[in-house]
Amino acid sequence: MTLEKLLRFGADKLSKSGISEADLDARYLLLSVTGISPAMFLIRKNQEADGETEQRFEDLIQRRASRIPLQHILGTQEFMGLEFAVSPDVLIPRQDTETLVERVLYDRKGIEGTPSLLDMCTGSGCIALSLAVLGDFGQVVAADISPKALIVAEENARRLLPRHRNNREDQGAAGNERIREHGKILNGRADRFQLIQSDLYENIPADMEFDIIVSNPPYIPSQDIRDLEPEVKDYEPRLALDGSADGLEFYRRLAAESGAYLKPGGRIYLEIGYDQGLAVSSLLRAAGFINIEIIKDIPGQDRVVAARWPQEGTHV
Ligand code: GLN
């Protein structure tokens, strides 16, 4: 079979399995099997594929047809123009979440010096690391309850923050260590990057204070998970999705506990589900936050709530 015919065969099979972007997914899988670039594919599409290529491609198509996410097969997902390693232990980075990162980068321009940042529920590390690479931050701390997620975040830190690669003090597994620290990274763009295994603030040292706290916590109401696409409900970690019966459990805890870790005037940015803007705003208001703002994503849905912790002596 020619490469072009192989592609058609794969796309048809995926389409029959109910996959909406069947053509695109088949194309990615074929490029990955052959190791050729999209431009090279156009030149070589009428060449015959060898038996081994056909076999390997059919195998990947079979896996994708069973609704395994494309990103789990390829092992990566692009986010903010950077390539992140992903596994079944972390939520696959979503384009929606770029709304949060872009807003933090925009607001960051108005802050002098090198602000410190905490990313709570970091997963793959996509928020913390894209901000560390694209912004100019001091200390960056990324926390997650899942040691397995922290292994993925650490791999991404090693890939994206060049000085980490030479920093071999780690043993390659998060294990039971609570705090893993990686010093001096990225040509001064972030002074320090730390991964901390923690159930929200449980293991965050009480004397730590940040200019910015960000989080994309689990926020799907438990009973809604069964209605999600098979890729999400069967293959992504429930731990990263399930926000309790009403979906708001982590916002309750984040609203109540984050102020103690923010500098006066510091900001918080929380990703939310499209219908959670008012509820999350009220939780933040009740906890003493001010300047509460709901930010929409590109399709026009509410996606982020941002707020500020008051300056000392400010009563609003
Ligand atoms: N936006 C994700 C989804 O729709 C959910 C992310 C989350 O719970 N933090 O699958």
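Data block above holds the structure.
Here the structure is a predicted model, which means the values were calculated and not measured. (Residues numbered from 1 in each chain as written. Predicted model: local features only at pLDDT ≥ 70, side-chain atom pairs only at ≥ 80, totals over all residues. Heavy atoms only, no water.)

J.: I would appreciate a short explanation of the layout of surface pockets in the present structure.
T.: Considered as a void within the structure, the largest pocket measures approximately 1600 Å³ in volume. Along its surface, the largest pocket is lined by 49 residues, and Gln71, Gln77, Ile92, Pro93 and Arg94 are the ones closest to its centre. Of all the secondary-structure elements, those providing two or more residues to the lining of the largest pocket are helix 2 (22-34), helix 5 (70-74), strand 1 (76-79) and helix 10 (230-235). The biggest single contributor to the lining of the largest pocket is helix 2, with five residues. Residue composition of the lining of the largest pocket, by class: 22 nonpolar, 10 polar and 17 charged. Roughly 470 Å³ of internal volume is contained in the second largest pocket. Secondary-structure elements contributing two or more residues to the lining of the second largest pocket are helix 7 (126-134) and helix 11 (249-258). Residues of the lining of the second largest pocket, tallied by class, amount to 17 nonpolar, seven polar and five charged. (1 Å grid on protein atoms, 1.4 Å probe; cavity = no way out; pocket = protein on both sides within 12 Å on 5 of 7 lines; lining within 4 Å. Points joined across faces, edges and corners; volume = space filled by probe spheres on them. Helix = DSSP H or I, 4+ residues; strand = E, 2+ residues; numbered from the N terminus. Nonpolar A, V, L, I, M, F, W, Y, C, P; charged D, E, K, R; others polar.)

J.: I'm lost on the pattern of salt bridges in this one. Help?
T.: For side chains bearing opposite charge, pairing can occur when the charged atoms are close. Enumeration over the complete set of coordinates arrives at 25 salt bridges. Connected via shared salt-bridge partners are Asp25, Arg64, Arg67, Glu229 and Glu231. (Salt bridge = Lys/Arg side-chain N within 4 Å of Asp/Glu carboxyl O.)

J.: It is not clear to me how the site of the ligand should be interpreted in this structure. Could you clarify?
T.: In the vicinity of the ligand, the contacting residues are Leu91, Arg94, Asn216, Pro217, Pro218, Tyr219, Ile220, Ala240 and Leu241. At 2.7 Å, a backbone N or O of proline 217 approaches a nitrogen atom of the ligand. Within the side chain of tyrosine 219, an N or O atom sits 3.0 Å from a nitrogen atom of the ligand. With the chains in place, 87% of the 300 Å² that the ligand exposes on its own is no longer accessible. Here the ligand is seated within the largest pocket. (Near = heavy atom within 4 Å. Polar contact = N/O pair within 3.5 Å; in protein donor to acceptor, adjacent residues only side chain to side chain. Areas by Shrake-Rupley, 256 points an atom, 1.4 Å probe, with all protein chains shown as cover. Sits in = over half its atoms within 2 Å of the grid points.)

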